[in-house]
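# Chain and residue survey
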Amino acid sequence: MARSRVESVGRWRLGTLIVGLLAALMLAVPAGAAACGEEGGEDTGPLVKEAKLTPSSLPSDGGTGVISARVEDDCGVAQVYAEITTTEAGVYSFQMLPFEDINSNARVYRAEFQVPANYQEWEVGYQANVSAEDTNGAYAEAYAGEISVAGAPQFDEPPYISAATATPSIWGAWGGATKISVEASDTRSLANVYAIVNGPDGSETELPLEAVSFSRFEGVLNVPANFGPLAENYSISAFAEDDIGQTTGAFAGAVTVEPKGTPHPGALTLEPGALHFGPVSLGHPASQTIALANTGKPGSPPVTGSLKVPGSQYSLVGASGESLPFSIGPGEKETFTVRFQPSDKGQQTARLALVRTDGRQPNRGVSLFGWGVK
């Protein structure tokens, strides 16, 4: 009797232990897990949250795109992948890999891809969708965003500008008309050529320059009279703008208006007006002289400038290259030597130019004639 009672207590304790173990197992497994993969069971499909594509824009040379998303599922995720579509009708996809565990049912997935350079003039867009599939074949997706890749910059150099001048550069008290000129060109086309004049009172004036040839532009600045006791200066710069807004500038010089009562610089004379060297043997030099005189009144300022001879067959003795500077006071006269050494047969002509610093007498010069013979 006592033995059967002990056996009954043992069986009761064993049954209680088995029930306790089953209860513990049921607590250890998620509530929805019992249905995963079982016939007739229920399964909640995956959720794709916080899908994001960065950065939102890239320069024309491309870069790296980053896609990330949080994926949740009660059974398990089989795969996560990104699908990229472009505004140029391109479509491609790739797998995203686990990046961070949030909890037992949620993970962050991440992937990087290389965005190629854009060689077109317009923008190109890359849109991304994130898709997830769980272990029971349920499917979900979410839009992640778009990357805009800038168009390639237009291959165009800025305008080319040279030989910006403003002549004459010195006026008496009553002022006068100064011609502003510049050489300008562009590989595509020029939209605007103009000068900016900064006056002695701090004002700034824009003066349009009109085309007088394919590449030369000119305008006239009417310099006003100066009634003050001091000289007034006008600073001038020339600018060229092309059809996409690129601008190049160059300093054209300054124009000075002298105060009333200031003596004017004198005029210069060149004699003779032409030099005839006649026939000269190839490679042999022949020389003649010219006289430069300042006809200004006593007390007037000296005149400075240079004599210039282009080309290699005519030259000025003592010059550095093609130019020989001078400074000559009122009533003074200087003599300069011109050399002709022909290297080619036949008639050889050139012109010696007088260039004053103040821009006056722009057309004064001496014509040069000679023949090269064997």
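The structure this text deals with has already been given above.
Now for a look at the structure at hand. Think of each chain on its own: its residues are numbered from 1, step by step along the sequence as written. This being a predicted model, a pLDDT of at least 70 is required before a residue's local features are given, and a value of 80 or more before pairs of side-chain atoms are given or counted; all residues contribute to the totals for chains, interfaces and linings. With hydrogens and water set aside, each side-chain value is computed from the structure's full complement of heavy atoms.

Attention shifts here to the nonpolar core. Side chains of nonpolar character tend, in soluble globular proteins, to be buried together. For the purposes of this section, nonpolar cores are sets of buried Ala, Val, Leu, Ile, Met, Phe, Trp, Tyr and Cys residues that join through side-chain atoms within 4.5 Å. Here's how the labels work: a residue is buried when its accessible area is under 20% of the maximum for its type, exposed when over 50%, partly exposed in between, all with a 1.4 Å probe on protein chains only. Residues I67, M96, F113, V130 and I147 are the most contacted members of the largest nonpolar core, which totals 25 residues. Helix and strand assignments follow DSSP, with helices taken as H or I runs no shorter than four residues and strands as E runs no shorter than two, numbered in order from the N terminus. Of all the secondary-structure elements, those providing two or more residues to this core are β1 (47-54), β3 (63-72), β4 (77-86), β5 (91-103), β6 (106-115), β7 (124-134) and β8 (139-149). Residue contacts for M96: discarding those within four places in its chain leaves I67, S68, A69, V80, Y81, A82, Y109, R110, A111 and V130. Core analysis: the next-biggest nonpolar cluster, separate from the first, contains 24 residues, V280, V303, L307 and L316 among them. Residues are treated as being in contact if the distance between any of their heavy atoms lies within 4.5 Å.

At least two bridges found by DSSP between two strands is the condition for calling them paired. Pairing is mixed in the open sheet, where five strands are placed in the order β19-β26-β25-β21-β23. In the strand order of this sheet, the two ends are held by β19 (274-281) and β23 (323-328), each with one partner. The sheet shows a mean angle of 20° between the axes of neighbouring strands, taken without regard to direction. Pairing of β19 with strand β26 (residues 365-373), which is carried by six bridges, proceeds in the parallel orientation. If you follow V280 over to β26, its bridge partner there is G372. An axis is simply a line fitted to the C-alpha atoms; with a helix, the fit covers only the stretch in contact. Between two such axes, the angle follows the N-to-C directions and lies from 0 to 180 degrees.

Moving on, we come to the sheet that holds β1. The mixed open sheet is built from eight strands, whose spatial order is β1-β3-β6-β5-β4-β7-β8-β2. Of all strands in the sheet, those bounded by a partner on one side alone are β1 and β2 (57-58). Where β4 meets β5, six bridges bridge the pair, whose relative direction is antiparallel. Bridge pairing in β5 places V80 opposite M96.

Positionally, S300 belongs in the loop between β20 (286-294) and β21 (303-308). A distance of 2.7 Å separates a polar side-chain atom of S300 from the backbone oxygen of K297. Ignoring anything within four residues of it in the chain, the contact list for S300 reads P263, H264, P265, G266 and P330. Under the rule applied, a polar contact is a pair of N or O atoms within 3.5 Å (in protein, one hydrogen donor and one hydrogen acceptor; residues adjacent in sequence only if both atoms are side-chain atoms).

Turning our eyes to something else, we now look at the packing of aromatic side chains. What characterises a pair of aromatic rings is the spacing of the ring centres plus the angle enclosed by the ring planes. Only centres within 6.5 Å qualify two rings of Phe, Tyr or Trp (six-membered ring in Trp) as a pair; their planes then separate them into stacked at under 30 degrees, edge-to-face at over 60, and tilted for everything else. According to the stated counting rule, one finds seven aromatic pairs in the structure shown. Measuring from ring centre to ring centre gives 5.5 Å for Y194 and F239, while their planes differ by 20°; the resulting arrangement is stacked. Of this pair, Y194 sits in strand β12 (residues 190-198) while F239 is found in strand β16 (residues 232-242), placing the two residues 45 residues apart along the sequence. With a relative accessible area of 13%, Y194 lands in the buried category. Ring pairs connect the aromatic residues Y92, F94 and F113, which therefore count as one cluster. Throughout this description, the term charge over a ring refers to an Arg CZ or Lys NZ atom that lies within 6 Å of the ring centre and within 35 degrees of the ring normal. Seen from the ring of F99, R110 lies directly overhead, with NZ or CZ sitting 5.2 Å from the centre.

Where strand β25 (residues 346-356) lies against β26, eight bridges are found, and the strand directions are antiparallel. Of the residues in β26, the one forming a bridge with T349 is F369.

In regular strands, side chains alternate between the two faces of the sheet. A large share of β7 lies buried, amounting to eight of its 11 residues. Bridge count for β7 against β8 is 10 bridges, and the pairing is antiparallel. Pairing of A132 across the sheet is with A140, part of β8. With antiparallel pairing between neighbouring strands as the criterion, β7 and β8 make up a hairpin whose turn holds four residues, including G137 at a positive phi of roughly 85°.

Counted as salt bridges are all cases of a side-chain nitrogen of Lys or Arg within 4 Å of a carboxyl oxygen of Asp or Glu. A complete count under the given rule lists nine salt bridges for this structure. Ionic pairing is found between E72 and R70, a salt bridge with its closest N-O pair at 2.9 Å. A salt bridge links R110 to E112, with the shortest nitrogen-to-oxygen separation between them at 3.2 Å. Salt bridges sharing common partners tie together K179, E183, R216 and E218.

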